[in-house]
Amino acid sequence: MVLDLRIRIIPDVITLPGLAYALGLAAVAVRSPTVVEAGLGALVGGGVLLLVAIVSRGGMGGGDVKLMAMLGAALGWRGALIALALSQVAGAVVAVGVLVVRRRRPARHVPVGALIALFGAVLLIYSS
């Protein structure tokens, strides 16, 4: 979250091992999500954001996509979609807030990855 806010980068060194860890934990743990739900969560979470990145032509970065895949693996597909929806609504609120306060067009970059991480962490805490 801090890296996306400060330097607008979500490094692979965080997301890819986190994705592998979440999938591995789902494979051995006797808790939800199951390994199938975790795999589906990674595909749905990362896939939806990948489509958004393609359609928006760079409005979302690859780090956001991998972060969402990691959270999808940890939360399952339902949790991934909830975290994604909450982060997008919060991002829209931030953009409108900037628009109202500055009375001009908001900055091009809203730190959606930070919002995804925030809501994903909240969901991880409350799903335990």
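Since we're looking at a predicted model, the values are computed, not measured.

### Some thoughts on unusual backbone geometry
Each neighbour pair has its own omega, and for Ser32 with Pro33 the value is 5 degrees, a cis peptide bond. With respect to the helices, strands and loops of the structure, Pro33 is situated in the loop between α2 (12-28) and α3 (35-56). Within the chain, Arg8 stands out as a residue other than glycine whose phi angle is a positive 60 degrees. Within the fold, Arg8 resides in the loop between α1 (2-7) and α2.

### Overview of helix α4 (residues 62-102)
Here α4 contains 41 residues, and its C-alpha end-to-end distance of 29 Å is more than 12% below the 60 Å for a straight helix at 1.5 Å per residue. At Gly76, α4 shows its strongest bend, of approximately 125 degrees. Directly beyond the C-terminal end of α4, a positive phi value near 55 degrees is found at Arg103.

### A word on α2
The terminal C-alpha atoms of α2 lie 24 Å apart, and with 17 residues this matches the ideal 24 Å at 1.5 Å per residue to within 8%. Taken together, the buried positions of α2 are Thr15, Gly18, Leu19, Ala22 and Ala26. The buried residues of α2 occupy an angular sector of 105 degrees when the element is viewed end-on, so they sit on one face. The exposed residues of α2 that point more than 90 degrees off its buried face are Val13, Tyr21, Ala27 and Val28.

### Considering the packing of α2 against α4
Two elements in contact, α2 and α4, have axes separated by 8 Å at closest approach and are oriented at 20 degrees. In terms of axis orientation, α2 runs roughly parallel to α4. Crossing hand, α2 versus α4: left-handed. From α2, Asp12, Ile14, Thr15, Leu16, Gly18, Leu19, Ala22 and Leu23 reach across to α4, where they touch Gly63, Lys66, Leu67, Ala69, Met70, Ala73 and Ala74. Taken together, the residues of the contact of α2 with α4 sort by class into 10 nonpolar, three polar and two charged.

### Some details on the confidence of the model for the chain
Predicted confidence across the chain gives a mean pLDDT of 87, with 95% of residues reaching 70 or more. Confidence, expressed as mean pLDDT per element, reaches its minimum in the chain at α1 with 78 and its maximum at α2 with 93.

### As for the pattern of salt bridges
Tallied over the full model, the rule gives one salt bridge. With a closest N to O distance of 2.5 Å, Lys66 and Asp12 form a salt bridge. Placement of the pair is Lys66 in helix α4 and Asp12 in helix α2, with a sequence separation of 54 residues.

### Considering the nonpolar core
Judged by nonpolar contacts, the single largest core of 20 residues is most densely connected at Leu49, Leu67, Met68, Leu71 and Ile116. Within the residue set of this core, elements represented by two or more residues are α2, α3, α4 and α5 (112-127). With 11 residues, the top contributor of residues to this core is α4.

What counts and what doesn't
Note that residues are indexed from 1 along each chain, following the sequence as it is written. Local features in this predicted model are restricted to residues of pLDDT 70 or higher, and side-chain atom pairs are both shown and tallied only at a pLDDT of 80 or more, whereas totals for entire chains, interfaces and linings draw on every residue. Only hydrogens and water are set aside; all other atoms, that is, all heavy atoms of the structure, feed into the side-chain values. Secondary structure is summarised from DSSP: a helix means a run of H or I of at least four residues, a strand means a run of E of at least two, and numbering begins at the N terminus for each. Multiplying one less than the number of residues by 1.5 Å gives the expected span of a helix. Note that bend, as reported per residue, equals the angle between axes fitted to the 7 residues terminating at that residue and the 7 residues originating from it. Think of it in three bands: residues with accessible area under 20% of the maximum for their type are buried, residues over 50% are exposed, and the middle band is partly exposed, with areas taken using a 1.4 Å probe on protein chains only. The arc in question is the one traced by the directions running from the helix axis out to the C-beta atoms. Between N-to-C directions, angles span 0 to 180 degrees; the directions come from axes that are lines fitted to C-alpha atoms, helices contributing only their stretch in contact. Put simply, angles under 35 degrees are roughly parallel, angles over 145 are roughly antiparallel, angles from 65 to 115 are roughly perpendicular, and the rest are oblique. Two helices cross in a left-handed way if the nearer one is turned anticlockwise from the farther one by less than a right angle. They cross in a right-handed way if the turn is clockwise. Contacts: residue pairs with any heavy atoms within 4.5 Å of one another. For this scheme, ten residues count as nonpolar: Ala, Val, Leu, Ile, Met, Phe, Trp, Tyr, Cys and Pro. Four count as charged, namely Asp, Glu, Lys and Arg, and the remainder, Gly too, count as polar. Confidence of the predictor at the level of single residues is captured by pLDDT, which takes values from 0 to 100. Salt bridges are identified by distance alone: a Lys or Arg side-chain nitrogen within 4 Å of an Asp or Glu carboxyl oxygen. Put simply, a nonpolar core is a bunch of buried Ala, Val, Leu, Ile, Met, Phe, Trp, Tyr and Cys residues held in one set by side-chain atoms that sit within 4.5 Å of each other.

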